[in-house]
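Breakdown of the fold
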Amino acid sequence: MADLAPAPAPTAAPARRRFRLPRISGLGTVLALAWLGVVILGAIVVDWLPLAEARDPSLALLNPSNQAPELFSEFPLGTDSQGLDILGGLLYGARVSLVVGVGGVIIGALIGGALGLVAGYKGGWADRIVSVLTDTLLAFPSLVLLIALVTVLNPTLPNVTLALGVMVTPSYARLVRANAMSFAQREFVTAARSLGAGEIRIMLREVTPNILQAVFSYSFMMIAVLIVAEASLSYLGLSIPRPEPTWGNMIAAGQSDFQTYPFLVGVPGVVLFLTVLSLNQVGEAAGRKWNPTAAKI
């Protein structure tokens, strides 16, 4: 009797993707991370750095006004028309930008992510309600919506952060909804449902970990968007007012003397540009690493 051929080994069920930080590669990404590290560290330790006065004009009366940048002097990046140190102002402004950017993204991701998760997983009436809400918010131009929100609220740091978080909530809701819909019918979700897992547990334990990578990479770009939005509001005088320095109100304060002292606008403008460029670079690098078509399922 002929030998029977061995039965093929059973194929393993596709494994769930889990949240993993991407490996750092590429000179551009390394430089972007280095710049962001300098900005974040400076914003944290600025209170302990031996810098000249940067926030209170009454304490800078003896400082020269509109001092040109001189790297190895008391004012490495110069002073403004009130004698305030530009380097210190940039670091305090970085603190405001980071708090607003990260805080707004956290608010938008939590609220929008929860709405999008329920809409994408449940579908039906929940999806229709969330879609109407997001479409309504997206129908307003972003800058007009921001101006309306900050006009109603006092221009304090928490209120500006809240307004910016509301602005990005629809974007996160749509992102999470689309990803939740693609994972809701996957094999591991069906298996968990057949084992008797509850709907909330499936959404939190099975679907959410597969969405975190997309949300995380997208968040870098949204932080950049919110930093630019806060700078725009500050430039228009609708965000944190002087004498508290922000990158936007530093640019606005120096625009009247731009032709004579271009560094008053150029220095904070370059810092804003490099920070936004670095955040976009890191976000794009994370998105390439976590491309769903290239990921191992």
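Side note on the overall build of the protein
Tallying secondary structure elements over the protein gives nine helices and zero strands in all. Element order for the protein, N to C, with α for helix and β for strand: α-α-α-α-α-α-α-α-α. Considering only residue pairs separated by 6 or more positions, the protein has 72% of its internal contacts joining residues 24 or more positions apart. Accessible surface, the protein as shown: approximately 16100 Å² in total, 68% of it carbon and sulfur.

Remarks on the side chain of S217
Here S217 lies in helix 7 (residues 199-235). With a relative accessible area of 10%, S217 lands in the buried category. Polar side-chain contacts of S217 include one of 3.1 Å to the backbone oxygen of A214.

Structural notes on the environment of N159
With respect to the helices, strands and loops of the structure, N159 is situated in helix 5 (residues 157-183). By relative accessible area, N159 is classed as partly exposed at 21%. Residues N159 and V100 lie 59 residues apart in sequence; the distance between their C-alpha atoms is 9.5 Å. Contacts of N159, omitting those with residues within four sequence positions, involve L153 and N154. Only 2.9 Å separates the side chain of N159 from the backbone oxygen of N154, close enough to count as a polar contact. There is a polar contact of 3.1 Å between the side chain of N159 and the side chain of T156.

Re the pattern of salt bridges
Per the counting criterion, the structure on display carries five salt bridges. As a salt-bridge pair, D47 and R95 come within 3.1 Å of each other at their nearest N and O atoms. Here the residue D47 occupies a position in the loop between helix 1 (27-45) and helix 2 (86-122), and R95 occupies one in helix 2, the gap between them amounting to 48 residues. Looking at R95, the relative accessible area reads 27%, which means it is partly exposed. Note that D135 and R174 form a salt bridge whose closest N and O atoms lie 2.4 Å from each other. Of this pair, D135 sits in helix 3 (residues 124-139) while R174 sits in helix 5, and the two are 39 residues apart along the sequence. Here R174 falls in the partly exposed class, since its relative accessible area comes to 45%.

Examining a nonpolar patch on the surface
Residues V102, I106, L110, I111 and L115 make up a contiguous nonpolar surface patch of about 430 Å² in total accessible area. Looking at where V102 falls in the secondary structure, it is placed in helix 2.

Looking at the packing of aromatic side chains
One pass over the full model with this rule turns up three aromatic pairs. Here F216 and F220 contribute two aromatic rings whose centre-to-centre distance is 5.3 Å and whose plane-to-plane angle is 80 degrees, an arrangement assigned as edge-to-face. Residue F216 and its partner F220 are both found in helix 7; the two are separated by four residues, about one turn of the helix. Assessed through its relative accessible area of 32%, F216 is described here as partly exposed. With centroids separated by 6.2 Å and ring planes inclined at 75 degrees, the aromatic side chains of Y261 and F263 adopt a geometry described as edge-to-face. A cation over a ring is seen here: R55 above Y92, with NZ or CZ 3.9 Å from the ring centre.

Parameters and conventions
Each chain has its residues counted from 1, following the order in which its sequence is written. At least 70 in pLDDT is required for a residue's local features to be given in this predicted model, at least 80 for side-chain atom pairs to be given and counted, and no such filter applies to totals for whole chains, interfaces and linings, which use all residues. Only hydrogens and water are set aside when side-chain values are computed; all heavy atoms of the structure are taken into account. Secondary structure is summarised from DSSP: a helix means a run of H or I of at least four residues, a strand means a run of E of at least two, and numbering begins at the N terminus for each. Every residue pair with non-hydrogen atoms within 4.5 Å of one another is taken to be in contact. Accessibility throughout is a Shrake-Rupley quantity obtained with a 1.4 Å probe, and a residue counts as covered only by protein chains that appear here. Working definition: with a 1.4 Å probe on protein chains only, accessible area under 20% of the residue-type maximum means buried, over 50% means exposed, and in between means partly exposed. N or O atoms closer than or at 3.5 Å make up a polar contact, with two conditions inside protein: a donor-capable atom paired with an acceptor-capable one, and, for residues adjacent in sequence, both atoms drawn from side chains. Put simply, a salt bridge is a Lys or Arg side-chain nitrogen that is within 4 Å of an Asp or Glu carboxyl oxygen. Excluding any residue in a salt bridge, patches collect residues exceeding 30% relative accessible area, merging like charges within 9 Å and nonpolar Val, Leu, Ile, Met, Phe, Trp and Tyr side chains within 5 Å. Any pair of Phe, Tyr and Trp rings, taking the six-membered ring for Trp, is counted once the centres come within 6.5 Å. Such a pair is stacked with planes under 30 degrees apart, edge-to-face with planes over 60 apart, and tilted for the rest. Look at NZ for Lys and CZ for Arg. If either is within 6 Å of the ring centre and within 35 degrees of the ring normal, a charge sits over the ring.

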